[in-house]
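Below, each chain spelled out in residue letters.
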Amino acid sequence: MIRTLLLSLCACCALVLHAQKLTVPTLDYEREYTIGGITVSGCVTRDANAVKLFSGLQVGDKVTIPGERIGKAIRAIWEQKLFTDVRIEAAEVRGGTVFLNIIVTENPQLASYGFAGTVSRGEGDKLRDEIKLQRGQQVNEAVVADARAAVRRYFVDKGFLKADARVEQVADTSLQNSVRLKVLVTKGPRVRIKDVVFHQVRTVDLEKKRWYQLFKKRDLPTQARLRRAMKGTKRKRWYNIFGGSKFKSSTFHEDEQKVIDVYNEKGFRNASIVSDTMRYVSPRKIRLDITVDEGQRFYFRDITFTGNTKYSTDTLHRALNIKRGDIYNKRRLDSRLYMNPSGADISSLYMDNGYLSFSPDPVERVEGDSIDLEIRIREGKQYRVRNVTVTGNSKTFDHVIRREIRTRPGDLFDRSEVMRTQQQLISLGFFDPEHVGVNPVPDPRTGLVDLEYTVAERPSDRLELSGGYGGGRILVSLGLSFTNFSVRKMFDGKAWTPLPAGDGQTLSLRAQTNGAYYQSYSLSFIEPWLGGRKPNSLSVSGYYTRQTNGVSKEDATFQELGILGTSVGLGKRLKWPDDYFFVNVTGSYQQYRLNNWNSLFSFSNGTSNVLAVQLRFARRSIAEPFWITGGSETSMSVKATPPFSAFDPHTDYRLLSNADRYNLAEFHKWKFTTQWFTKLTRSKTKHDFVFMARAGFGFLGRYTERKGDSPFERFYLGGSGLTGFQLDGREIIALRGYDDLSLSPSFGSFFVNKYTAELRFPVSLNPQATIFALGFVEAANAWNSIERYDPFKVYRSAGIGLRLFLPMFGPMGLDYGWRFDDVPGQPNMAKSQFHFTIGIDLGEL
């Protein structure tokens, strides 16, 4: 009986893997048995009861021997990937009862692992993060294969296409059933892409068509255009400084889709990649051959709209701006139908007028080389705003945020106003731009929508360390800048944590010094919403500056310049021509006290008073405070004193001493500046190249020849633009690559022009440490008379730089500039030099 049972069970075991063995007494025919008991042998670290559970067999179960039940039990245990061998034996048979013994051999456990071969210690540390092996983990074939694949994947992504790994298992005698893994890495050479070549297959015989012969060179994608589309797959070229030439399979396939997009934009709607091959042209270089079937070119023919009731078909055609006969371009079509950043699309037309659920559905019908387009409009309900809420502001008061929100309860939903609100909140500088968002929650039943604006506070108050080198001296500035201050909470003891904050006001205190030569103290306050109802700003400031030649007062050569100043300004945001415009009016008073001071002005002793009013008219559409990716700012300003000489026409001021002549200084100063930012690329990681262009003009004039030119407010050009003496009656303008103040005479200039272009790229967009690199070219010059003024005769320079913003310290910059032109009278000026600044943006006019 036992012999027959064993033979039957052995026959059943033939259904499983060769390692899975069932040993039972053989039977010559099938018979049903009752399981009388189950034992497990071979477990070292695994629970025997768990093995029983994996098998699915239980005492008292009916099993047919031979039959499928035993085979399924073996497979169930094997699929846990915990054992290298699984067997089931019939330990004993008593009549119709069988006693089973499950015998397993456990996988070894991982005691430790390490790397050997052509791998450095640093690479080994990074590989540990990739393969993610853990001590005590079961080691099986799958674990070993995954480790090899992870090592190869890591090095292939680094450009080592021939990288491989071999895993050796060594028994660990210190632990039972444990092994140590030794990963032997062979990196091989780093492989670069030598060339990317496109081959075109035309399913239509275009070569015989005359129009193709005429236009193929200028209208079809060129090799260069297709290569540019492949952002992550670049050839090795000397000029490809910032781009790599490594081959990454995942990036390569994404780039192939971008190639198809280029063809689609040219009307080749059915273009496809037929094949792509990679071949080695040398041990370290590969060539990629991509074959494209461009197919037939298509054109738009008839375009119709259905379902539109709010806007006429003519209005929608104008918004779509696609004409009959235009080359088919899916990207252009989508940009005119859906959310275009510029707002020039049909979706914006509807969503700016309350149609939150609007959806266009373009249906294409192809006939020959023509595409008829039927755009089915689903207008939906016109939604109105019900509730507007703000979340995430732990420091800033709600009213500071709400006064910037342009969507009010009861208004029609307006997508443009929602986007503008987000821009306004970012421009406050209190919140992380990456976390400023809006969650619209529509209620289709009532036609109302709730808007939840989300923000995340970031540090905005600064302990600002500003400094630089210029004029042969080092200037250090220490200031406190509270950009979200609250005056009304100053008398609330609980609000001092550590200072009252949340009302969006700015309080700045600053002290500057370079020792005995220069000291400056200033205080300023800005209320951006005076009265709290309209965006009318109030600014108040006061300062005192003292400069000496560094010797004792008792010394006969002692020189001193003291300046006391104050200003009050009012600003207003305008609604015309649009609400990006604003106007500022500032009244200021400065008193200059000169004691044997003869290094700057036309008199050495005396007092001069400057009473002036400045009017500034500007348009600013820039949202970001530091890393700026778009928008522009243009301003025109005039600063003028009263024409005191006109009130005394009979006095010939030329006969007076300079001290008396300039007791009441008079001048009019005109300035025009403009700057513009635009993205050159649009990556998913937001690490885009940004182009900045800036131009400026300044002119300092006089009212009458009798009074003469003002000794104050003159322009000084050259260097980093930072000598620290911003309050001594001079306006210092940077031109990197040249010595400080080297491009103006010692008494200053009356005309100045400056042009700057920068290409910027972010290194880190972390709000706690924002860093970007830049390359610049700039040109400028200063003149003393209109006869010599020539805006195209300028000193030129170029260079590279780095900008860093730390919330506690403000902006910092390091530039290295090369000058292109020699300066008359300064033969020893270096051809290139560094410029370092803290807290000041180079290039302001």
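Placed above this text is the structure.
Residues numbered from 1 in each chain as written. Predicted model: local features only at pLDDT ≥ 70, side-chain atom pairs only at ≥ 80, totals over all residues. Heavy atoms only, no water.

(A) Here's a closer look at the overall build of the protein. When helices and strands are tallied, the protein shows 14 helices and 35 strands. The C-alpha atoms of the protein give 39 Å as radius of gyration, which overshoots the globular expectation for 845 residues (28 Å, by more than 25%). On the principal axes, the C-alpha backbone points of the protein span a range of 140 × 75 × 65 Å. Taken over 845 residues, the protein has a buried fraction of 45%. For the protein, the share of sequence-separated contacts (at least 6 apart) that also reach a separation of at least 24 residues comes to 61%. Accessible surface, the protein as shown: approximately 42200 Å² in total, 54% of it carbon and sulfur. In the protein, which carries 119 positive and 91 negative side-chain charges, the distance between the mean positions of the two groups comes to 2 Å. (Helix = DSSP H or I, 4+ residues; strand = E, 2+ residues; numbered from the N terminus. Rg over C-alpha atoms; globule rule 2.2 N^0.38 Å. Buried < 20%, exposed > 50% of the residue type's maximum accessible area, 1.4 Å probe, protein only. Contact = heavy atoms within 4.5 Å. Areas by Shrake-Rupley, 256 points an atom, 1.4 Å probe, with all protein chains shown as cover. Lys, Arg positive; Asp, Glu negative; His and termini not counted. Charge placed at Lys NZ, Arg CZ, Asp CG, Glu CD.)

(B) Representation of the sheet that holds strand β11 (residues 285–293) within the structure. Ordered by their spatial adjacency, three strands build an open sheet running β9-β11-β10, and the pairing between neighbours is mixed. Two strands close off the open sheet at either side, each with one partner strand: β9 (192–201) and β10 (272–282). Averaged over all pairs of adjacent strands, the angle between their axes in this sheet comes to 20°, without regard to strand direction. Of the pairings in the sheet, the one linking β10 to β11 comprises nine bridges and is antiparallel in character. Across the sheet, the residue bridging to Tyr280 is Ile286, located in β11. (Pairing = 2+ DSSP bridges. Axes fitted to C-alpha atoms, helices over the stretch in contact; angles between N-to-C directions.)

(C) Highlighting the packing of aromatic side chains. As enumerated under the stated definition, the model contains 25 aromatic pairs in all. Relative to Tyr789, the ring of Phe697 lies with its centre 6.0 Å away and its plane at 70°, an arrangement referred to as edge-to-face. With a gap of 92 residues between them, Phe697 in strand β28 (residues 690–701) and Tyr789 in the loop between β32 (769–783) and β33 (795–806) connect regions that are remote in the sequence. Residue Tyr789 is classed as partly exposed on the basis of its relative accessible area, which comes to 23%. Ring centres of Tyr816 and Trp818 lie 4.8 Å apart, and the angle between their planes is 90°; this geometry places the pair in the edge-to-face category. On the basis of relative accessible area, Tyr816 is assigned to the partly exposed category, the value being 21%. (Phe/Tyr/Trp six-rings, centres within 6.5 Å; stacked < 30°, edge-to-face > 60°.)

(D) Structural context of helix α3 (residues 68–78). Burial in α3 covers these residues: Ile70, Gly71, Ala73, Ile74 and Ile77. Buried residues of α3 fall within an arc of 160° about the axis and therefore sit on the same side. (Arc of directions from axis to C-beta.)

(E) Molecular detail of the sheet that holds strand β8 (residues 178–186). With respect to topology, three strands assemble into an open sheet ordered β6-β8-β7, the strand pairing being mixed. Each edge of the open sheet carries a strand with a single partner, namely β6 (109–117) and β7 (164–171). Between one strand axis and the next, the sheet turns through 20° on average, direction left out of account. Relative to β8, β7 is paired through eight bridges, and the arrangement is antiparallel. Counterpart to Ala165 in the pairing with β8 is Val185. Strand contacts of helix α5 (residues 141–157): β6, β7 and β8, with the helix running at about 145° to β7, the strand carrying the most contacts.

(F) Spatial organisation of a negative patch on the surface. On the surface, Asp125, Asp129, Glu130 and Asp157 cluster together into a patch of negative charge. Per element, the largest residue contribution to the negative patch is three residues, and it comes from helix α4 (residues 121–131). Take Asp125: it is sitting in helix α4. (Patch = residues over 30% accessible without salt bridge, like charges linked within 9 Å, V, L, I, M, F, W, Y side chains within 5 Å. Salt bridge = Lys/Arg side-chain N within 4 Å of Asp/Glu carboxyl O.)

(G) Representation of the side chain of Thr756. Mapped onto the elements, Thr756 comes out in strand β31 (residues 751–766). Residue classification places Thr756 among the buried positions, given a relative accessible area of 5%. At 3.2 Å, the side chain of Thr756 and the side chain of Glu778 are in polar contact. (Polar contact = N/O pair within 3.5 Å; in protein donor to acceptor, adjacent residues only side chain to side chain.)

(H) Highlighting helix α13 (residues 415–427). For α13, which comprises 13 residues, the first-to-last C-alpha distance of 19 Å matches the rise-based estimate of 18 Å (1.5 Å per residue) to within 8%. Those residues of α13 not exposed but buried are Arg415, Val418, Arg420, Thr421, Gln422, Gln424, Leu425 and Ile426. Where α13 starts, the residue carrying a side-chain oxygen 3.0 Å from the main-chain nitrogen of Ser416 turns out to be Asp414. Just downstream of α13, Gly429 is the residue with a positive phi angle, here 85°. (Expected span 1.5 Å × (residues − 1).)

(I) Quick peek at the pairing of strand β34 (residues 810–819). Note that β33 and β34 share 10 bridges and pair antiparallel. Across the sheet, residue Ser797 finds its bridge partner in β34, namely Arg819. Relative to strand β35 (residues 832–838), β34 runs antiparallel, the two sharing seven bridges. Residue pairing in the sheet places Gly813 in a bridge with Thr837 of β35.

(J) Region of interest: the pattern of salt bridges. For the structure on display, the rule yields 51 salt bridges. Notably, a salt bridge pairs Glu168 with Arg166, separated by 2.7 Å at the nearest N-O pair. Here Glu168 falls in the partly exposed class, since its relative accessible area comes to 30%. Here Lys395 makes a salt bridge to Asp461, at a shortest N to O gap of 3.1 Å. A residue pair is termed long-range when its members are at least 10 positions apart, and Lys395 in the loop between β15 (384–391) and α12 (398–402) and Asp461 in the loop between β17 (448–454) and β18 (462–470) qualify at 66 residues. Relative accessible area serves as the criterion here: at 33%, Lys395 is assigned to the partly exposed category. Look at the salt bridges and you will find they share partners, linking Arg736, Lys754, Glu758, Arg760, Glu778, Arg803 and Asp815 into a network.

(K) Looking closely at the side chain of Asp821. Of note, Asp821 is situated in the loop between β34 and β35. Owing to a relative accessible area of 16%, Asp821 belongs among the buried residues under this scheme. At a separation of 2.8 Å, a polar atom in the side chain of Asp821 contacts the main-chain amide nitrogen of Arg796.

(L) Expanded view of unusual backbone geometry. Following Thr497, the chain continues into Pro498 via a peptide bond in cis, with omega recorded as -5°. Looking at where Pro498 falls in the secondary structure, it is placed in the loop between β19 (473–485) and β20 (505–513). Omega for the peptide link from Trp576 to Pro577 comes to 0°, which places this bond in the cis form. Relative to the helices and strands, Pro577 resides in the loop between β23 (560–573) and β24 (581–595). One non-glycine residue, Leu741, lies in the positive phi region at around 60°. Looking at Leu741, the relative accessible area reads 23%, which means it is partly exposed.

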